[in-house]
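# Coordinate inspection notes
Now for the letters of each chain:
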Amino acid sequence: MSRSPSFSVKPELSLKPDPDSLQRWVVAFCIIRFDLEQGQLIEECYPPGCLTQEEELEVAFSSFPDSVSQHHNRSSIHDCMFFFRILRHKNTKQGNLTSSEIKEIDDRETTSTPKEEKVIRRSRSSGISKGSKYLYGYVFNRQRHDERLKRGGEQKSVVILSHGPYSSVFRPLLQIMGPLYFDIGKKAVEHIAGYVSLWPAPVPGKLMELPIGNAMLKVNLPPAHSLPLESGTSYEESASSMAPFLPNNQSIPQGLFHDSDLFGTFRGLLLQLWLLWELLLIGEPILIIAPTPPQCCEAVASLVSLVAPLLCSVDFRPYFTIHDPEFAQLNSLKEGAKYPPMILGVTNLFFLKALRNIPHIVSVGNPAPNSSRVALASKSTGRIPGKPEGFGLQQLSLKKFSPSSLLNAVKLRRDGPLCLMTEHKEAIWSTYTATTKPDTSILNRLIDAGMSPRVEESMSVVNNEILRRHFLELTTNFLAPFGPYFRATAPPEGSSPFLDPPPLPPFTADEFLTNLSARGAGKFLSKRMRSNWLDLYRRFLKGPNFMPWFQRRHCVAESEQHKLWRQARMKTDIRHLISKMPELEVVDCFNAIERHLLGEIQLQQSGRSVADSAAMCQKLKCDLQAVFNVLPKDMQQLLLLNPQRAAFLQGNSSPELTKLPGRPSIQVGVLSSNSPR
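Keep in mind that what you see is a predicted model, and the values were worked out from it rather than measured.

Here the focus is the confidence of the model for the protein chain. Overall, the prediction assigns the protein chain a mean pLDDT of 79, with 74% of residues at 70 or greater. Per-element confidence in the protein chain ranges from a low mean pLDDT of 32 for helix α13 (residues 373-380) to a high of 97 for helix α9 (residues 273-282). Considering only residues more than four positions removed or in separate chains, one finds that residues 68-72, a stretch of pLDDT under 50, has 10 contacts. Overall, residues 91-130 carries pLDDT values under 50, and its contacts beyond four positions in sequence, including any with other chains, amount to 71 contacts.

Right, dumping it as structure tokens:
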């Protein structure tokens with residue numbers, strides 16, 4: 001395990017955690033002990049009472065490896081870190097809304113909320129919602145082997161529960177908190193909670209500096225467009241860099257788990273990464289089996305990161321156990337029944353029998369806990385002993401085409417995944433034929449550092465960057481044909497920005513596929529995909545990832561278009577605009593300005609106004625007065641019968657004369673109530 005950052009607790013320092021501030025990052029801190037009589041037992045949970053009894057059980061069962069490692073000395077300590085993801089239960093005090101409640105809210109919004117307010121309402125949510133669907137658990141597990149104890153040892157886990165998939169934050173935090181707890185006990189929980197409650201709210205897609213004692217965590221959070229909707233994602237933040245447009249700054253994370261070790265995890269299966277990318281893209285169910293929880297977690301996280309910047313809507317479970325309630329449902333599926341779209345990371349070999357009909361099984365990792373990744377790769381990549389190390393095409397092809405490798409592949413296919421019951425091997429069992437060809441130019445750029453673990457770690461960083469950048473470009477180009485459906489337009493020159501913006505182009509799958517077939521896959525994809533590339537788009541359109549991503553991207557485009565038209569209203573010279581309009585259009589313009597003004601006022605009253613809302617209200621009031629001034633006197637008197645409208649117009653306390661071509665001069669102001677009619 002990597003070395004923990006230094007941390008010291010000052011006895012005189014007493015930080016009292018603020019529960020509300022803490023909830024922005026952490027749901028709870030748990031200390032869980034494996035008890036011989038009672039099993040997994042939660043000793044501490046701070047803040048108390050934030051989990052249901054069912055959630056406590058799931059958290060407890062998910063916080064320990066399936067079995068104590070036997071590859072250690074008789075008296076030794078073994079630490080490991082991993083994370084899991086479980087469904088939240090609806091009867092918690094933070095509970096989710098039911099579908100009927102959501103529909104009721106949607107119906108109320110449709111009937112009573114102005115369109116302008118609804119667009120802004122969607123774009124203003126921020127932070128992590130207390131009604132999140134999933135709970136992430138980040139675990140620091142310690143196994144202490146001592147032959148003097150019952151069963152030869154004991155184990156305990158320190159767990160951080162959060163609504164956010166912020167592995168880049170909680171992994172280094174656990175490196176501090178885990179050892180600290182085993183040094184000073186439960187005081188460590190209170191100290192860490194105090195520091196975390198002082199952190200600013202999470203800002204997706206930003207580099208954040210988070211103080212923790214005398215240490216400073218500098219972490220990149222995943223971008224807003226990669227976070228699930230139930231996490232309270234802000235559309236406003238995710239508009240600039242969402243697929244299908246390649247981001248300007250590619251050093252900024254574009255998806256979840258950007259810090260996962262993609263190269264190290266799949267080093268023995270590099271040629272299969274393009275197959276795995278397609279399986280995740282179209283939402284196929286995948287079972288990943290590894291010898292240890294850290295290895296299966298890293299594999300699941302790396303797979304999810306492959307499809308960035310696409311919003312991954314496949315249910316992924318980095319560490320899945322037989323105690324998860326979902327397992328009973330999966331285990332009860334009848335022969336031939338379709339598995340739901342999900343990625344399961346497991347270490348228990350029982351899953352090979354229980355879920356034997358799952359269509360795609362991936363085996364990764366090294367069963368020997370003290371061996372390096374180099375030894376793992378030497379077994380699976382077909383490299384030649386004594387030769388300079390590298391991942392060029394020749395060495396990768398050696399594994400694929402050598403007679404011994406061919407025989408091994410045939411044997412693996414014949415024996416099936418159950419061969420892992422006797423010996424762990426890195427392999428993939430799938431009948432799916434990939435459309436995308438492995439990119440040999442990318443494979444040739446990968447570097448192998450040889451036998452030095454320290455050099456290898458730095459080379460893994462380089463290789464991860466090469467692979468992640470390639471798949472980011474691949475995914476972005478795959479999504480590029482959808483771009484025209486998200487193209488926001490500003491008001492044409494000379495037109496009225498007070499009208500409603502035109503709707504975005506409607507989408508129909510058949511029309512899209514017909515046009516795409518006629519246009520072609522494009523230069524980038526045509527070099528990398530086989531002739532049946534259109535089938536991949538068909539599968540993607542039917543899969544679980546497309547509609548959530550498309551609808552969300554569509555909402556962002558609507559919000560962007562709303563901003564453009566709003567900016568145009570701020571800049572418009574109303575006198576010049578209405579000077580070219582016939583009288584009927586001037587009346588329509590008056591009504592449109594009044595409608596926008598009412599929308600802005602409602603936003604202010606509800607506390608959801610944007611930064612320049614006051615300036616926009618003032619501008620709209622002036623525009624409303626200017627349009628009112630050029631209307632005929634009888635029309636003015638008719639409009640003033642509405643008290644609210646009269647109040648708007650009376651707000652202008654400095655009457656002035658407005659003279660427009662072809663119309664009589666009219667004094668700006670309101671006729672008194674005793675004026676003759």
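Moving on: the packing of helix α23 (residues 583-606) against helix α24 (residues 613-629). As a packed pair, α23 and α24 sit with axes 9 Å apart at the nearest point and diverge in direction by 155 degrees. It follows that α23 is roughly antiparallel to α24 by the angle criterion. In this structure, α23 meets α24 at a crossing whose hand is left-handed. In this structure, α23 uses Val586, Cys589, Phe590, Ile593, Glu594, His596, Leu597, Glu600, Ile601 and Gln604 to contact α24, whose residues at the interface are Ser613, Ala614, Met616, Cys617, Leu620, Lys621, Asp623, Leu624, Val627 and Phe628. Here the contact of α23 with α24 is built from residues that sort into 13 nonpolar, 3 polar and 4 charged.

Right, let's talk about the sheet that holds strand β11 (residues 360-363) for a bit. A sheet is described by the order of its strands in space; here 5 strands give the open sequence β9-β10-β8-β11-β12, paired in mixed fashion. This sheet does not close on itself; its edge strands, each paired only once, are β9 (315-317) and β12 (427-429). Strand-to-strand twist of the sheet, defined as the mean angle between neighbouring strand axes without regard to direction, takes the value 10 degrees. In this sheet, strand β10 (residues 342-346) lies alongside strand β8 (residues 286-289) in parallel orientation, the contact comprising 4 bridges. The residue of β10 that forms the bridge with Leu287 is Leu344.

A few words now on the state of the cysteines. A disulfide bridge is the covalent bond that connects two cysteines by way of their sulfur atoms. Taken as a whole and assessed by the stated rule, the structure comprises 0 disulfides. The cysteine Cys30 is free of any disulfide, with Cys45 supplying the nearest cysteine sulfur at 3.8 Å.

The next thing to look at is the packing of aromatic side chains. Applying the stated criterion across every chain yields a total of 37 aromatic pairs. Taking 6.2 Å as the distance between ring centres and 40 degrees as the angle between the ring planes, the aromatic pair formed by Phe140 and Phe182 counts as tilted. Of this pair, Phe140 sits in strand β4 (residues 134-145) while Phe182 is found in helix α5 (residues 167-184), placing the two residues 42 residues apart along the sequence. Since its relative accessible area comes to 0%, Phe140 is described here as buried. For Phe182, a relative accessible area of 26% gives the class partly exposed. Between Phe482 and Phe512, the aromatic rings sit 4.4 Å apart at their centres with planes inclined by 15 degrees, giving stacked as the arrangement. In this pair, Phe482 is assigned in the loop between α17 (453-479) and α18 (509-519) and Phe512 in helix α18, connecting sequence segments 30 residues apart.

Procedures and definitions
Along each chain, numbering runs from 1 in the same order as the chain's sequence is written. Note on the predicted model: pLDDT of at least 70 is required for a residue's local features to be given, and 80 or more for side-chain atom pairs to be given and counted; whole-chain, interface and lining totals, by contrast, use all residues. Side-chain measures were taken over the full set of non-hydrogen atoms in the model, leaving aside hydrogen atoms and water. pLDDT is defined as a per-residue confidence score from the predictor, taking values between 0 and 100. Starting at the N terminus, helices and strands are each numbered in turn, a helix being any DSSP run of H or I of at least four residues and a strand any DSSP run of E of at least two. Note on definitions: a residue-residue contact is assigned when non-hydrogen atoms from the two residues lie within 4.5 Å. Helix axes are fitted only over the stretch in contact, all axes being lines through C-alpha atoms; the angle between N-to-C directions runs from 0 to 180 degrees. Here the angle decides the label: under 35 degrees means roughly parallel, over 145 means roughly antiparallel, 65 to 115 means roughly perpendicular, and every other value means oblique. Crossing handedness: left-handed means the near helix sits turned counterclockwise from the far one by under a right angle, and right-handed means the same turn made clockwise. When residues are sorted by character, Ala, Val, Leu, Ile, Met, Phe, Trp, Tyr, Cys and Pro go into the nonpolar class, Asp, Glu, Lys and Arg into the charged class, and all the rest, Gly among them, into the polar class. Two strands pair under a simple rule: DSSP has to find at least two bridges between them. Cysteine sulfurs are considered disulfide-paired once they come within 2.5 Å of each other. Here the aromatic set is Phe, Tyr and Trp, taking the six-membered ring for Trp, and pairing holds for ring centres within 6.5 Å; pairs whose planes are under 30 degrees apart are stacked, those over 60 apart are edge-to-face, and all others are tilted. Relative accessibility thresholds used throughout: buried, under 20% of the residue-type maximum; exposed, over 50%; partly exposed, between the two (1.4 Å probe, protein chains only).

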